[in-house]
Amino acid sequence: MNSDPDAAPINPLPVAVIILALPIVLAELAFVAGSNGYFGGADAVGWRLEWIQNLAFVSPIFDLMIETGRWPPEHLMRFVTYPFVHWSFVHMLMVLVFLLALGKMVGDVFGSLPLVAIFFGSAVFGALAFALITNDPNPLVGGYPAVYGLIGAYTFILWVRIRATGGPQYQAFTLIAVLLFIQLVFGLLFGSGLDWIAEVAGFISGFFLSFIVSPGGWSRVRARLRHR
């Protein structure tokens, strides 16, 4: 039981998590309100598709940039804008749950700036893997590759903790193994696209970026975990 009468009943989220979550939530609220006719008029019904068209990462566009050697900013930005627009409210909600939960855990150990670096670094690496491996013409949309990067960072934290205590290190990878198994089952039952490649790439990116962006690297994280 917390003996401090002035302590907050709920541990506050890191500022970076709030900043990342706000545009995701606000965009989805606008899409839902517009599609239900609350504001925006008739054009609001198509807002989601319009945003997807303008913000999603699209492999053929990336291929064209490579072929022509031209890198328009409005297309380069797709590497970091696609995590903020989603196919549906449920799609957004699942991403938001991961962002809030894992962002809290990673941010408390790493700090806000490393968390942001992992989020966007994983989004970029996930999009690159999606384009280079799949050549899928379908747009890559949603924050899963970025939050899978946070899963990678959380796995890094667990791995450091287990390694410090001499436990079996494979246990740190239990969460990603469970998520991939669930994804496989859903894919077999209902069919799925190739987005999972971007998500796995995001996880790998988040794990290895943690060696670089975590405060003081591996040794500092291990020291902080020992005193928690």
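The preceding data block contains the structure.
Residues numbered from 1 in each chain as written. Predicted model: local features only at pLDDT ≥ 70, side-chain atom pairs only at ≥ 80, totals over all residues. Heavy atoms only, no water.

Undergrad: When you look at the environment of Leu55 in this model, what are you seeing that I'm missing?
TA: Note that Leu55 resides in helix H2 (residues 47–55). Between the C-alpha atom of Leu55 and that of His75, which follows or precedes it by 20 residues, the distance is 8.2 Å. Not counting the four nearest positions on each side in its chain, Leu55 is found in contact with Met77, Arg78, Thr81, Tyr82 and Val85. (Helix = DSSP H or I, 4+ residues; strand = E, 2+ residues; numbered from the N terminus. Contact = heavy atoms within 4.5 Å.)

Undergrad: Looking at this structure, I do not really get the packing of aromatic side chains. What am I missing?
TA: Centre-to-centre distance and the angle between the planes together describe a pair of aromatic rings. Applying the stated criterion across every chain, the model contains 20 aromatic pairs. Ring geometry for Phe173 against Phe207: centres 5.6 Å apart, planes inclined by 45°, an arrangement best described as tilted. Taken together, the residues span a long stretch of sequence, with Phe173 in the loop between helix H8 (144–165) and helix H9 (174–190) and Phe207 in helix H10 (residues 195–213) at a distance of 34 residues. Phe173 gets classed as partly exposed once you look at its relative accessible area, which sits at 30%. (Phe/Tyr/Trp six-rings, centres within 6.5 Å; stacked < 30°, edge-to-face > 60°. Buried < 20%, exposed > 50% of the residue type's maximum accessible area, 1.4 Å probe, protein only.)

Undergrad: What exactly am I supposed to notice about a nonpolar patch on the surface here?
TA: A cluster of nonpolar residues, Leu13, Ile18, Leu22, Leu26, Leu29 and Leu100, forms a patch on the protein surface that exposes about 510 Å² of accessible area. Counting residues per element, the nonpolar patch draws most heavily on helix H1 (residues 15–35), at four residues. Looking at the secondary structure, you find Leu29 in helix H1. (Patch = residues over 30% accessible without salt bridge, like charges linked within 9 Å, V, L, I, M, F, W, Y side chains within 5 Å. Areas by Shrake-Rupley, 256 points an atom, 1.4 Å probe, with all protein chains shown as cover. Salt bridge = Lys/Arg side-chain N within 4 Å of Asp/Glu carboxyl O.)

Undergrad: Help me understand the nonpolar core in this model?
TA: Nonpolar side chains in soluble globular proteins generally cluster together in the buried interior. By size, the foremost hydrophobic cluster in this structure holds 48 residues, and its most contacted members are Phe57, Leu99, Phe110, Val147, Tyr148 and Ile151. In terms of residue count, H8 provides more of this core than any other element does, 14 residues in total. Core analysis: the next-biggest nonpolar cluster, separate from the first, contains seven residues, Ala27, Ile52, Leu55 and Val85 among them. (Core = buried A, V, L, I, M, F, W, Y, C linked by side-chain atoms within 4.5 Å.)

Undergrad: I'm lost on the packing of helix H7 (residues 112–134) against H10 in this one. Help?
TA: For any two helices packed against each other, one specifies the crossing angle of their axes together with the interaxial distance. Look at H7 against H10: their axes get within 7 Å of each other, and the N-to-C directions meet at 140°. Taken together, the axes of H7 and H10 are oblique relative to one another. In this structure, H7 meets H10 at a crossing whose hand is right-handed. Facing Pro114, Ala117, Ile118, Gly121, Ser122, Phe125, Gly126, Ala129, Phe130, Ile133 and Thr134 of H7, the residues of H10 in contact are Asp195, Ile197, Ala198, Ala201, Gly202, Ser205, Gly206, Leu209, Ser210 and Val213. Across the contact of H7 with H10, the residue classes break down as 12 nonpolar, eight polar and one charged. (Axes fitted to C-alpha atoms, helices over the stretch in contact; angles between N-to-C directions. Parallel < 35°, antiparallel > 145°, perpendicular 65-115°, else oblique. Left-handed = near helix turned anticlockwise from the far one by under 90°. Nonpolar A, V, L, I, M, F, W, Y, C, P; charged D, E, K, R; others polar.)

Undergrad: What exactly am I supposed to notice about the environment of Leu180 here?
TA: Secondary-structure assignment places Leu180 in helix H9. Exposure remark for Leu180: the relative accessible area of 32% places this residue in the partly exposed category.

Undergrad: Honestly, the pattern of salt bridges in this entry has me stumped. Any pointers?
TA: Oppositely charged side chains can pair when the atoms bearing their charge come close. Applying the stated criterion across every chain, the model contains two salt bridges. Between Glu28 and Arg48 there is a salt bridge, and its shortest N-O distance comes to 2.6 Å. One end of the pair, Glu28, is in helix H1; the other, Arg48, is in helix H2, with 20 residues separating them in the sequence. Residue Glu28 is classed as buried on the basis of its relative accessible area, which comes to 1%. The class for Arg48 is buried, based on a relative accessible area of 17%. Ionic pairing is found between Asp108 and Lys104, a salt bridge with its closest N-O pair at 3.1 Å. With Asp108 and Lys104 both in helix H6 (residues 89–110) and four residues apart, the pair spans about one turn of that helix. Asp108 sits in the partly exposed class, given a relative accessible area of 27%.

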